[in-house]
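Structural overview for review
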Amino acid sequence: MPGISARGLSHEGRKQLAVNLTRVLALYRSILDAYIIEFFTDNLWDTLPCSWQEALDGLKPPQLATMLLGMPGEGEVVRYRSVWPLTLLALKSTACALAFTRMPGFQTPSEFLENPSQSSRLTAPFRKHVRPKKQHEIRRLGELVKKLSDFTGCTQVVDVGSGQSIEGDQRLVERAQRLDQELLQALEKEEKRNPQVVQTSPRHSPHHVVRWVDPTALCEELLLPLENPCQGRARLLLTGLHACGDLSVALLRHFSCCPEVVALASVGCCYMKLSDPGGYPLSQWVAGLPGYELPYRLREGACHALEEYAERLQKAGPGLRTHCYRAALETVIRRARPELRRPGVQGIPRVHELKIEEYVQRGLQRVGLDPQLPLNLAALQAHVAQENRVVAFFSLALLLAPLVETLILLDRLLYLQEQGFHAELLPIFSPELSPRNLVLVATKMPLGQALSVLETEDS
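Residues numbered from 1 in each chain as written. Predicted model: local features only at pLDDT ≥ 70, side-chain atom pairs only at ≥ 80, totals over all residues. Heavy atoms only, no water.

Turning to the overall build of the protein, a few remarks are in order. Tallying secondary structure elements over the protein gives 18 helices and 7 strands in all. Taken over 459 residues, the protein has a buried fraction of 49%. Excluding contacts between residues fewer than 6 apart, the proportion of contacts in the protein whose partners are at least 24 apart in sequence is 75%. As displayed, the protein offers around 21800 Å² of accessible surface, 53% of which is attributable to carbon and sulfur atoms. (Helix = DSSP H or I, 4+ residues; strand = E, 2+ residues; numbered from the N terminus. Buried < 20%, exposed > 50% of the residue type's maximum accessible area, 1.4 Å probe, protein only. Contact = heavy atoms within 4.5 Å. Areas by Shrake-Rupley, 256 points an atom, 1.4 Å probe, with all protein chains shown as cover.)

A word on unusual backbone geometry. Cis peptide bonds are those with omega within 30 degrees of zero, and the linkage from Tyr280 to Pro281 qualifies with -5°. Mapped onto the fold, Pro281 is located in the loop between β5 (261–269) and α11 (284–287).

Taken as a whole and assessed by the stated rule, the structure comprises 7 aromatic pairs. With 6.5 Å between their ring centres and 50° between their planes, Tyr280 and Tyr292 make a pair best called tilted. Taken as a pair, Tyr280 in the loop between β5 and α11 and Tyr292 in the loop between α11 and α12 (296–301) lie far apart in primary sequence, 12 residues in all. Relative accessible area serves as the criterion here: at 23%, Tyr292 is assigned to the partly exposed category. Here the guanidinium or amino end of Arg342 rests over the ring plane of Tyr35, the centre of that ring lying 3.9 Å away. (Phe/Tyr/Trp six-rings, centres within 6.5 Å; stacked < 30°, edge-to-face > 60°. Lys NZ or Arg CZ within 6 Å of the ring centre and 35° of its normal.)

The next subject is the pairing of β5. Counting buried residues in β5 gives 9 out of 9 residues, a clear majority hidden from the surface. Here 8 bridges tie strand β4 (residues 236–244) to β5, and the two strands are oriented parallel to one another. Within β5, the position partnered with Thr239 by the bridge is Ala265. For the crossover from β4 across helix α10 (residues 246–257) to β5, the handedness is right-handed. Judged from the 4 bridges that link them, β5 and strand β7 (residues 438–443) form a sheet pairing that is antiparallel. Each bridged residue has a counterpart across the sheet, and for Ala265 the counterpart in β7 is Val441. (Pairing = 2+ DSSP bridges. Right-handed = clockwise from strand over helix to strand, strands pointing away.)

The subject of this paragraph is the environment of Gly291. Mapped onto the elements, Gly291 comes out in the loop between α11 and α12. Owing to a relative accessible area of 27%, Gly291 belongs among the partly exposed residues under this scheme. Sequence separation between Gly291 and Val19 is 272 residues; the distance between their C-alpha atoms is 9.3 Å. Gly291 has contacts with Thr22 and Arg29, leaving out every residue within four places of it along the chain.

Another point: the nonpolar core. Ranked by internal contacts, the top residues of the largest apolar core, which has 108 residues, are Phe39, Leu56, Leu88, Phe100, Tyr359, Leu396 and Leu416. It is helix α17 (residues 387–418) that provides the largest number of residues to this core, a total of 20 residues. Not counting the four nearest positions on each side in its chain, Phe39 is found in contact with Leu44, Trp45, Ala327, Gln386, Arg389, Val390 and Phe393. In this structure, Leu241, Val267, Phe429 and Val441 belong to the second largest nonpolar core, which totals 17 residues. (Core = buried A, V, L, I, M, F, W, Y, C linked by side-chain atoms within 4.5 Å.)

Another aspect to go through is the side chain of Glu38. One can find Glu38 in the loop between α2 (29–33) and α3 (50–56). Within polar-contact distance, the side chain of Glu38 engages the side chain of Arg334 at 2.7 Å. Excluding residues within four positions of it along the chain, Glu38 makes contact with Asn43, Leu44, Arg334 and Arg342. (Polar contact = N/O pair within 3.5 Å; in protein donor to acceptor, adjacent residues only side chain to side chain.)

Our focus in this paragraph is the packing of α10 against α17. Close contact between α10 and α17 brings their axes to 11 Å; oriented N to C, the two are set at 15°. The orientation of α10 relative to α17 falls into the category roughly parallel. α17 is crossed by α10, and the crossing has right-handed handedness. Here Ser248, Val249, Leu252, Arg253, Phe255 and Ser256 of α10 come into contact with α17, specifically with Arg412, Tyr415 and Leu416. (Axes fitted to C-alpha atoms, helices over the stretch in contact; angles between N-to-C directions. Parallel < 35°, antiparallel > 145°, perpendicular 65-115°, else oblique. Left-handed = near helix turned anticlockwise from the far one by under 90°.)

Next up on the list: the state of the cysteines. As used in these notes, a disulfide is a covalent bond between sulfur atoms, one from each of two cysteines. If you walk through the whole model with that rule in mind, you get 0 disulfides. We note that Cys244 lacks a disulfide partner, and the nearest cysteine sulfur, in Cys270, lies 3.4 Å from it. (Disulfide = S-S within 2.5 Å.)

Within strand β6 (residues 422–427), 5 of the 6 residues are buried, which leaves the element mostly enclosed by the surrounding structure. Sheet analysis places β6 next to β7, joined by 6 bridges and oriented antiparallel. For Ala423, the partnering residue across the bridge sits in β7 and is Ala442.

As structure tokens, this is what we get:
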């Protein structure tokens, strides 16, 4: 999906985008509000316009990826088997036009061209205990933070969350400290083996702090536990890689209120965990718009991996039937206990290898019901026959999900701009590797030409 760049919008343009987003989301809220596991119990297919049903019914998963989500396979030409209704085409075009682009300024990360499992930009000690996804994120965000630090003249980088710098979980901090020592020891050994190759510049282990970051206790709470070896006033850069829920909001508030914090680089996630109210909306502009509300279901849907699901659609593997099976199970649960709605079903291994009745029996056991309940096999098979409809409806919801994420992130941009700060949103990671790939960059000085340097992929 091409999308729109936040950099290409003026402040007034961003405000108008928020208006457009709230209007579009209000139009299609019934799709976003729906739970796919209630596909059969709530007759979700029949909630779609008849013309949409005709266009989507019978489409295979690869066709949904190509025609609906706009993500064709390599070398594939988009061909419609019939004339789609204008309303469905308008939805598809609108979803593409109003969502922030998630495509960075590079196609495939250059670091993985030789080996998809190991970043060529990181030496072995830095790859230890780190999956490819995280290798990519650490390298890209680290490079951006370095450039932003140089641009703003910061003296310290404060990484909030995930066991680094400030972290609320003692266990994560202890693990991070052990990994620090392992890395330093590995680098010392490497220096002894290859003194000509390895840089011997001084290295300092991160200073870890066990502390919860409170959005309401600003400045002193953030600065108190930090060491400041520099002479004079500290200039801090706050960063958080996939700071969950309100933690991203806390970073924004600290940036806004603390004079020592001169820059911010925040990648948010887990929007469903935002406080309501408090975590959204933040800006006065969005809070004043009709239909700005984003209930839990909408925020949860915004966290799905659109590119990853499109890839699954292209492969058309048996794993796609999981939603259909779970929706069929819900019908059995409702008949047995009508008051029990959408209970959590712990992961059932290798779902795609099970017959529907086997899956239902295991699912009943997981929610505390008798697995030997009599089953209407004919009804269950009829549900399974609608697997493509379930996938199509879920794909519609995923098509709209980036609009919700865009509104949440746009609200954060407007919040900072309303206070006179300079803020931009950049796609920094490959979305195939890291679905939440938009970084909010903010400074207390004009970013100007620095942006083109910040978002490039180093060769």
